[in-house]
Amino acid sequence: MKTSKIIFISLVGTIALLILAAMLDLRINGRKFSDINSDFKVKRDALQAFKVITINNSRNVLLVQNDSAFLEVTYLKDSIAPGVNYTIEADTLKLSDFGKSIPRNVSVKIKVTNSLTRIQLKNSDLSMEKFRTGKLSLNLDRSSVSMGWNESSLQTCPFLDIVAINGSHFKSGNFKIDSLGIVLQNSNAEIRNVAKKISGSLTDRSKINARQPIEITLKRDATSKINVDDY
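Residues numbered from 1 in each chain as written. Predicted model: local features only at pLDDT ≥ 70, side-chain atom pairs only at ≥ 80, totals over all residues. Heavy atoms only, no water.

A. Focus on the overall build of the protein. A tally of regular secondary structure across the protein gives two helices and 19 strands. Burial statistics for the protein: of 231 residues in total, 33% are counted as buried. Residue pairs at least 24 apart in sequence account for 45% of intrachain contacts in the protein once pairs closer than 6 positions are excluded. Total accessible area on the protein stands at roughly 13,400 Å², and carbon and sulfur atoms take up 52% of it. (Helix = DSSP H or I, 4+ residues; strand = E, 2+ residues; numbered from the N terminus. Buried < 20%, exposed > 50% of the residue type's maximum accessible area, 1.4 Å probe, protein only. Contact = heavy atoms within 4.5 Å. Areas by Shrake-Rupley, 256 points an atom, 1.4 Å probe, with all protein chains shown as cover.)

Put into structure tokens, the structure is as follows:
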């Protein structure tokens, strides 16, 4: 076979392999993040300082710690920015009725300072990322909370208190905590953090999965379950 033909066949084969690899990557991973990100706009409102957040009848809410307080709404660039029903009264940010009747790719992000001490949820879903505080209380009613931390920035959280009722769900990522107080009523919790102390109670078919702490004081009724693992 002539050298020119060999070069041509090799070139065609290389191009075909590149096209195939690109198609497979697109099929497996979907669109590039930059392409997807360009489909959205962000509307930002500055917020005054607050210590408490109450969220009612809302979903697609993300809480992120920041040096300043903002409320950001992400939405499709070809659509009208959705309204966000929120107010700040005294030291409390109140958010309600967000996300129930809009596309799932529309979300609201609340950026807060480390002055936050309490979060109250009712009929709502909340995700928390890169969040650190001295003491935080969570009250969940028919709601769910997912807390996540970056592995590279693990930090000790001194006190976390959780009260979850009416089919609520709490899930934590990997972080360190000194003292975790938890009360579950017909709810469940997945605690993957490393806690020095866990205390509380479980009633009405509640369930908790947790890592082995140094000290544990949990009470349960006959319908509830406590699972403690060394993992």
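Having seen it, we continue.
B. Just the layout of surface pockets, in detail. Approximately 150 Å³ is the volume attributed to the largest pocket. Together, Asn 60, Val 61, Leu 62, Glu 72, Thr 74, Ser 107, Val 108, Lys 109, Asp 125, Leu 126 and Ser 127 line the largest pocket. Residue assignment for the lining of the largest pocket shows that the elements contributing at least two residues are strand E3 (61-65), strand E4 (70-76), strand E7 (107-112) and strand E9 (125-129). (1 Å grid on protein atoms, 1.4 Å probe; cavity = no way out; pocket = protein on both sides within 12 Å on 5 of 7 lines; lining within 4 Å. Points joined across faces, edges and corners; volume = space filled by probe spheres on them.)

C. Spotlight on the sheet that holds E9. On the basis of which strands lie adjacent, the open sheet formed by ten strands has the order E1-E4-E7-E3-E9-E11-E13-E15-E17-E19 and mixed pairing. In this open sheet, the two strands that pair with only one neighbour each are strand E1 (40-46) and strand E19 (225-229). On average, each strand axis in the sheet is tilted by 15° relative to the strand beside it, whichever way the strands run. Alignment of E1 against E4, held across seven bridges, turns out to be antiparallel. Counted as the bridge partner of Arg 44 is Glu 72 from E4. (Pairing = 2+ DSSP bridges. Axes fitted to C-alpha atoms, helices over the stretch in contact; angles between N-to-C directions.)

D. Highlighting the side chain of Ser 143. With respect to the secondary-structure elements, Ser 143 resides in the loop between strand E10 (135-141) and strand E11 (144-148). The buried category is assigned to Ser 143, whose relative accessible area is 3%. Within the local environment of Ser 143, its side chain forms a polar contact with the backbone nitrogen of Ser 124, the two atoms lying 3.1 Å apart. Here Ser 143 is in contact with Leu 121, Lys 122, Asn 123, Ser 124, Ser 168 and His 169, once residues within four sequence places are set aside. (Polar contact = N/O pair within 3.5 Å; in protein donor to acceptor, adjacent residues only side chain to side chain.)

E. The arrangement of the pattern of salt bridges in detail. Evaluated as defined, the whole model comprises six salt bridges. Its salt-bridge partner being Asp 45, residue Lys 43 comes within 3.4 Å of it at the nearest N-O pair. Two residues, Lys 94 and Glu 89, come together in a salt bridge whose shortest N-O distance is 3.0 Å. Taken together, the shared-partner salt bridges in this structure form one network comprising Arg 44, Glu 72 and Lys 111. (Salt bridge = Lys/Arg side-chain N within 4 Å of Asp/Glu carboxyl O.)

F. Inspection of unusual backbone geometry at higher detail. One non-glycine residue, Asn 186, lies in positive phi territory at about 50°. Within the fold, Asn 186 resides in the loop between strand E14 (176-185) and strand E15 (188-191). With relative accessibility at 31%, the residue Asn 186 sits in the partly exposed group. One non-glycine residue, Arg 205, lies in positive phi territory at about 65°. Residue position: Arg 205 is located in the loop between strand E16 (194-203) and strand E17 (207-211). A residue is classified by how much of its surface remains accessible, and Arg 205, at 58% relative accessible area, is exposed.

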